[in-house]
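Summary of the model geometry
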Amino acid sequence: MIQSQIFPKTPDHMDQINYPRAGQNADDKTRVAVLLALSLSHGINDLVQSMVAAIYPLLRTSFSLDFGQIGLITLAFQLTASLLQPFVGLYTDRRAMPYALPAGMAFTLAGLLLLSVAPNFASLVIAASLIGVGSSVFHPEASRLARLASGGQHGLAQSVFQVGGNAGAAMGPLAAALIVSPFGQKSLGWLALLPMCGIMILILIGRWHTGRIAAAKINRRPARMALALPRAKVTASIVVLLALIFSKYFYLATMSNYYTFYLIDKFHLPVPTAQIFLFLFFASATLGTIAGGPIGDRIGRRNVILGSILGVLPVTLALPYANLFFTGVLSVAAGAILSSAFPAIIVYAQELLPGKVGAIAGLFYGFAFGMGGLGAAVLGRLSDLTSVGFVFQLSAFLPAIGLLAFFLPKIDPGRLAMLE
């Protein structure tokens, strides 16, 4: 009875391209509840992910790891998180799986518990891989359900969904600084309560999703899909967007995996203080994500993408040469500006290929994680051969790839909405 009141089974169409418009139906409050629940569970998922990177200094000391091994742990996570995502998204576009989300969170829980008791490097890699599998199931399906609950405000829905992930990513280093650093590796087991709560939340969302499926079998309308652009231009645009994801996530790999080491090496900060700086970076990324989707709804996704990817370039170029105070300021600016692009990129790509919501989400989330993992491994090895400071100087030029965004075509979201 409580479950049905929180997520009642609504009579809307299940068909993913027949989205109701905001304010059109009486279940708007239900959609808001679903979006908030997805955002919260996204936060739990990404908190666990970011905490893995945040405890690298602890793991490095406990297991005598070098930067190359740290990069391999991240690569194991990112590869399992990336390779499965497009296939999960493609499959769930065709066949709904209402309880895939709690199953994915169960993998995250298993990985976290293993990480808390891991006795050697190999078990650390396996734990990271399990957490990656959980992410590979969670992101495309949760992103698809966020669009389903958007009421037509696709950019806003993606921002609400993604801001939970960014908030969780910001809390990961904070949890590492306040809990794991003082109490050690086994304290990770205490945090298993979070994915347990996530599983319960996602079971409720699965019940809501099941109701949508049942209603769709009764009320399904024929879908009208059409490409607003020639196929070759759509393909070229997807390639450009993936190139932008490459630049964004290679740079984020620098910050999320090696920012603490950079601060410790250059400014001789203690580990907890460096983790607070990392928390501030992730927190600023949360603010950027909040802004990116709604602004894209108003001024166009392409404009947000251009402003974000190119606007961060002067910031990244200046950061390696700043003192401690301005390093913090510039890192906050970089997180906010760079992160505003991702909701716009996801929705822009979904508008290019109507009806492929899950597949597009899986492709872009998967590619993002893959590039993040590859970046962590490559940059970790490069740090061993040179220095962390050199890696930051080199990575500063990555946002210049954003110049490719000028080749993205202007599309009319309103016309696409009429086709859905």
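Rules of the game
Residues numbered from 1 in each chain as written. Predicted model: local features only at pLDDT ≥ 70, side-chain atom pairs only at ≥ 80, totals over all residues. Heavy atoms only, no water. Helix = DSSP H or I, 4+ residues; strand = E, 2+ residues; numbered from the N terminus. Buried < 20%, exposed > 50% of the residue type's maximum accessible area, 1.4 Å probe, protein only. Contact = heavy atoms within 4.5 Å. Areas by Shrake-Rupley, 256 points an atom, 1.4 Å probe, with all protein chains shown as cover. Polar contact = N/O pair within 3.5 Å; in protein donor to acceptor, adjacent residues only side chain to side chain. Phe/Tyr/Trp six-rings, centres within 6.5 Å; stacked < 30°, edge-to-face > 60°. Lys NZ or Arg CZ within 6 Å of the ring centre and 35° of its normal. Salt bridge = Lys/Arg side-chain N within 4 Å of Asp/Glu carboxyl O. 1 Å grid on protein atoms, 1.4 Å probe; cavity = no way out; pocket = protein on both sides within 12 Å on 5 of 7 lines; lining within 4 Å. Points joined across faces, edges and corners; volume = space filled by probe spheres on them. Nonpolar A, V, L, I, M, F, W, Y, C, P; charged D, E, K, R; others polar. Core = buried A, V, L, I, M, F, W, Y, C linked by side-chain atoms within 4.5 Å. Expected span 1.5 Å × (residues − 1). pLDDT = per-residue confidence, 0-100. Axes fitted to C-alpha atoms, helices over the stretch in contact; angles between N-to-C directions. Parallel < 35°, antiparallel > 145°, perpendicular 65-115°, else oblique. Left-handed = near helix turned anticlockwise from the far one by under 90°.

**Topic: the overall build of the chain**
A count of helical and extended segments in the chain gives 18 helices and zero strands. Each of the 420 residues in the chain was classed as buried or not, and the buried ones make up 60%. At a minimum sequence separation of 6, the contacts of the chain that also span at least 24 residues come to 86%. When the accessible area of the chain is evaluated, it comes to approximately 16300 Å², of which 70% is carbon and sulfur surface.

**Here's the deal with the side chain of serine 340**
Topologically, serine 340 is positioned in the loop between helix 14 (324-339) and helix 15 (341-352). Residue serine 340 is classed as buried on the basis of its relative accessible area of 13%. For serine 340, the side chain forms a polar contact with the side chain of serine 308, separated by 3.2 Å. A distance of 2.7 Å separates the side chain of serine 340 from the backbone oxygen of isoleucine 337, its partner in a polar contact. In this view, serine 340 contacts Gly288, Thr289, Gly292, Val304 and Ser308; residues no more than four positions away in its chain are not counted.

**Here we look at the packing of aromatic side chains**
The full count for this structure, using the stated rule, is 13 aromatic pairs. Considering the side-chain rings of phenylalanine 183 and tryptophan 190, the 5.5 Å spacing of their centres and the 55° angle between planes classify their relative orientation as tilted. Across the pair, tryptophan 190 and phenylalanine 183 agree in class, each one exposed. Within the aromatic cluster, the residues linked to one another by ring pairs are Tyr259, Tyr262, Phe267, Phe281, Phe282 and Phe392. Seen from the ring of phenylalanine 67, arginine 60 lies directly overhead, with NZ or CZ sitting 4.4 Å from the centre.

**Section: the environment of arginine 212**
Here arginine 212 is to be found in helix 9 (residues 193-219). Distance from arginine 212 to leucine 148, taken between C-alpha atoms, is 9.6 Å for residues 64 residues apart in sequence.

**What about the pattern of salt bridges?**
Scanning the entire structure with this criterion turns up two salt bridges. A salt bridge links arginine 144 to glutamate 141, with the nearest nitrogen and oxygen atoms 3.2 Å apart. A residue pair is termed a helical-turn pair when its members lie 3 or 4 positions apart in one helix, as arginine 144 and glutamate 141 do in helix 7 (residues 121-148) at three residues. Given the relative accessible area of 4%, arginine 144 is considered buried.

**Observations concerning empty space enclosed by the protein**
All told, the structure shown has two cavities of 30 Å³ or more when counted by the stated rule. Looking at the largest cavity, it is lined by 34 residues, and the ones nearest its centre are Gln49, Ala169, Tyr249, Phe282 and Phe369. Of all the secondary-structure elements, those providing two or more residues to the lining of the largest cavity are helix 2 (28-54), helix 4 (67-83), helix 7, helix 8 (154-183), helix 10 (231-267), helix 11 (271-299) and helix 16 (357-385). Taken together, the residues of the lining of the largest cavity sort by class into 18 nonpolar, 14 polar and two charged.

**Points about the nonpolar core**
Membership of the largest hydrophobic core comes to 114 residues, with the highest contact counts inside it found for Met51, Leu241, Ile305 and Phe364. With 18 residues, the single largest contributor to this core is helix 10. Ignoring any residue separated from it by four or fewer positions in sequence, one finds phenylalanine 364 in contact with Ile238, Leu241, Leu242, Ile245, Phe342, Ile345, Ile346 and Ala349.

**What about helix 4?**
Given a rise of 1.5 Å per residue, 17 residues ought to cover 24 Å, and the 24 Å separating the end C-alpha atoms of helix 4 matches this to within 8%. With 12 of its 17 residues buried, helix 4 lies for the most part within the structure. Buried within helix 4 are the following residues: Phe67, Gly68, Ile70, Gly71, Ile73, Thr74, Leu75, Ala76, Phe77, Gln78, Ala81 and Ser82.

**Here we look at unusual backbone geometry**
Here the phi dihedral of serine 64 falls at roughly 55°; this positive angle occurs in a residue that is not glycine. Its location among the elements puts serine 64 in the loop between helix 3 (56-63) and helix 4. For histidine 268, which is not a glycine, the phi torsion comes out positive at approximately 60°. Looking at where histidine 268 falls in the secondary structure, it is placed in the loop between helix 10 and helix 11. Relative accessible area serves as the criterion here: at 65%, histidine 268 is assigned to the exposed category.

**Regarding the environment of phenylalanine 397**
Position of phenylalanine 397 among the secondary structure elements: in the loop between helix 17 (388-395) and helix 18 (413-419). Residue classification places phenylalanine 397 among the exposed positions, given a relative accessible area of 55%.

**Structural notes on the confidence of the model for the chain**
Put simply, the chain has an average pLDDT of 81, and 87% of its residues get 70 or more. Mean pLDDT values for the elements of the chain range from 41 in helix 1 (residues 2-6) up to 94 in helix 13 (residues 313-318). With pLDDT under 50 throughout, residues 222-226 is counted as low confidence; its partners more than four residues away or in other chains account for 12 contacts. Between residues 414-420, whose pLDDT stays under 50, and residues either more than four places distant or in other chains, the model counts 16 contacts.

**Let's talk about the environment of alanine 176**
With respect to the helices and strands, the residue alanine 176 is situated in helix 8. Taking relative accessible area as the criterion, alanine 176 reaches 0% and is therefore assigned buried. Contact partners of alanine 176, with chain neighbours within four places excluded, come to Met51, Ala54, Ile55, Ser181, Pro182 and Gln275.

**A short note on the packing of helix 4 against helix 10**
At a minimum axis separation of 11 Å, helix 4 and helix 10 run at an interaxial angle of 155°. Between helix 4 and helix 10, the interaxial angle falls into the category roughly antiparallel. In this structure, the crossing between helix 4 and helix 10 has a hand that is right-handed. In contact with Phe67, Ile70, Gly71 and Thr74 of helix 4, helix 10 contributes Asn257, Tyr258 and Phe261.

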